[in-house]
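# Coordinate inspection notes
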Amino acid sequence: MDRRHFLRGMAAGGAMLALPAWARADETRDAYLANLSTHPRTAALKGCTADMLSGSAAVEGRWPSDLHGTFYRNGPARFELGGERYHHWFDGDGMVQAWHIDAGRVRHEARFVRTRKYEEESAAGEFLYPAFDTDIERRPVGSNDTVNTANTNAVPHAGRLYALWEGGSATELDPANLATRGTKTWRADLAAMPFSAHPKVTPDGTLWNFGVVFGGDKLLLWRIDADGSLGKFGMVDVPQLAMVHDFVVTARYMVFLVPPYEVHFAPHTSYLDAHVWNGSRPMRAVVVDRADFTLRRIVEMPAGMVFHFGNGWDEGNTIRFDACLSRDDSIVKALGSVMRGEVRHHVAASNSVLVTLDLARGTARSETLLGATEFPRVAAADVGRRYRQLYLTTDRNAADFGMTGVACVDIDSGRVDRYDYGPGWIVEEHIPVPKASGKGQWLLGAAYDVSGRQTVLAVFDAAHVSHGPVARARLPYAAPLCFHGNFLAA
């Protein structure tokens, strides 16, 4: 590993992060409050002021008797402090949630991840550091972990639980009570290096992950073995490397789609604003050999933006994978507008596509599976392997904030099995959970009831999604919206 080259890249990224605050964010707060009556769905982004939440859910219907365990979820939850409101949904401090399911009873708890950032800003009574799209600096940024919000995913692995973010260390939590144990360092010289929020755990228990060094054109590659130890770390040079949120792992490869951003570091520029969309450039599929972390090929594709993938597999020189693809990054900006209580109506749809890469020819083609989708998931046993069922959140009203339904798509036949919660709901990611019998999956996910301002956990028979939930568990309160999570069987 070229340590000096890496540090130069980190220095460039640090220069972008350490920015002075030109204006307080209270104009954002005023606009949000003024627009709430017009756009009531944005009440889901009010944020949480309590350090902890806890409550029992009222079960409606017959909860599956074989579904036991904990459903961990994570998302940004603190958006306001000291009279200021963050500019973007992605900025907020992370709150990890646990839905404990036992003998048909459902109990919920949530706690803020007590990162260094959260602790220091709580003590100060105001935001101190820059975020994804909010330019604040009242104290200097020492490393990536100075600004680590731990707000994107909750991943159990090898008996431990991690709260994950985009650009810094994993934060370890106590899986029993969600108390923060501290940052996880797999090797001393890798402290604070980016460890993304979207690791893939293959059926053998190996965890694969990546990180991006902004300004350094370095793609970091991680393999954490089934026992939780560091198996391998590496770096790949990728010219003009920009924001990459997720990736695909197959039996032989790791695949990354790099959107066509120009990255410009400048004073008083947030991390998001440093990324300037250039639709005249191609999106690039970067293919890395999983065995030795070497670059296999870069394949150009039409300009596009991808946040999330479901899964992929390889056959000879061919790689196939699904992705939620949009033609530009307008959705990223729109998720900033909702923090002001505003809804953008001209946002590029995110559509599920099946991409085929031909490594021998260096070509790519894609076919649409389903329009207006996000948060794709597959069964845990299918990760990196040939699969057929893809589970997604769906949207029938792209002009408003939040998804409204769920679907299962058969990627071979194209058959869609879909259930729509209705316009009065904001639907979060739903994940497949194997049935105890070993035959089939449950589909488990939370949704926000807009009129009741309550959060509801629903379980479907994944083979009959259109039949609706077999049971629901309703909280007496609204929990913050989450991005991602995973189920840990009891």
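Before reading on, note that the structure itself is shown above.
Bear in mind the structure is a predicted one, so any value in this text is a computation, not a measurement. (Residues numbered from 1 in each chain as written. Predicted model: local features only at pLDDT ≥ 70, side-chain atom pairs only at ≥ 80, totals over all residues. Heavy atoms only, no water.)

On to the nonpolar core. One finds W89, L219, L221, M254 and F256 to be the most contacted residues of the largest nonpolar core, which totals 57 residues. Apart from the residues lying within four places of it in its own chain, the contact partners of L219 are F210, G211, V212, G234, M235, V236, V238, L241 and F256. Judged by nonpolar contacts, the second largest core, of 27 residues, contains A110, L457, A471 and F487. (Core = buried A, V, L, I, M, F, W, Y, C linked by side-chain atoms within 4.5 Å. Buried < 20%, exposed > 50% of the residue type's maximum accessible area, 1.4 Å probe, protein only. Contact = heavy atoms within 4.5 Å.)

Before going further, it helps to spend a moment on the environment of Y118. Considering the arrangement of structural elements, one finds Y118 in helix α3 (residues 116-124). Judged by relative accessible area, Y118 falls into the buried class, the value being 6%. Expressed as a C-alpha distance, the spacing of Y118 and T206, which sit 88 residues apart in the sequence, is 31 Å. Filtering out sequence-adjacent residues up to four positions away, Y118 remains in contact with D51, R78, D93, F112 and V113. (Helix = DSSP H or I, 4+ residues; strand = E, 2+ residues; numbered from the N terminus.)

This structure, assessed with the given rule, holds 35 salt bridges. Here E119 makes a salt bridge to R114, at a shortest N to O gap of 3.0 Å. Residue classification places R114 among the partly exposed residues on the basis of a relative accessible area of 32%. Two residues, K218 and D237, come together in a salt bridge whose shortest N-O distance is 2.5 Å. (Salt bridge = Lys/Arg side-chain N within 4 Å of Asp/Glu carboxyl O.)

Let's shift gears to the packing of aromatic side chains. The tally for this structure, following the rule as stated, stands at 25 aromatic pairs. Here F90 and F307 contribute two aromatic rings whose centre-to-centre distance is 6.0 Å and whose plane-to-plane angle is 90 degrees, an arrangement assigned as edge-to-face. Note that F90 is positioned in the loop between β5 (84-85) and β6 (93-102) and F307 in strand β22 (residues 305-315), a separation of 217 residues in sequence. Just as F90 is buried, F307 falls in that class too. Ring plane angle 80 degrees and centroid distance 5.2 Å describe the contact between F195 and W222, whose orientation is recorded as edge-to-face. Separated by 27 residues along the polypeptide, F195 in the loop between β11 (180-183) and β12 (200-201) and W222 in strand β14 (residues 218-224) bring together distant segments of the chain. Judged by relative accessible area, which is 2%, F195 ranks as buried. Of the residues examined, W222 reaches a relative accessible area of 2% and is grouped as buried. Members of the aromatic cluster, connected to one another through ring pairs, are W89, F90, F132, F214, Y271, F307, F401 and F483. The ring of Y32 has R85 sitting right over it, with the charged end atom 3.7 Å from the ring centre. Lying across the ring of W442, K435 places its NZ or CZ 4.4 Å from the centre. (Phe/Tyr/Trp six-rings, centres within 6.5 Å; stacked < 30°, edge-to-face > 60°. Lys NZ or Arg CZ within 6 Å of the ring centre and 35° of its normal.)

Here the focus is unusual backbone geometry. Its identity as a non-glycine residue notwithstanding, A103 has a phi of 55 degrees, on the positive side. By the secondary structure assignment, A103 is in the loop between β6 and β7 (105-112).

This part takes up the sheet that holds β11. Backbone hydrogen bonds are what pair the strands of a sheet, in a parallel or an antiparallel way. Taken together, the 4 strands give an open sheet; going across it, the order is β8-β9-β10-β11, and neighbouring strands pair in antiparallel fashion. Each edge of the sheet is formed by a strand with only one pairing partner; in this case those strands are β8 (153-157) and β11. The average angle at which neighbouring strand axes cross in this sheet is 30 degrees, direction not considered. As defined by bridge partners, strand β10 (residues 171-173) adjoins β11 across 3 bridges and the pair is classed as antiparallel. Looking at β11, one finds that L173 is bridged to T180. (Pairing = 2+ DSSP bridges. Axes fitted to C-alpha atoms, helices over the stretch in contact; angles between N-to-C directions.)

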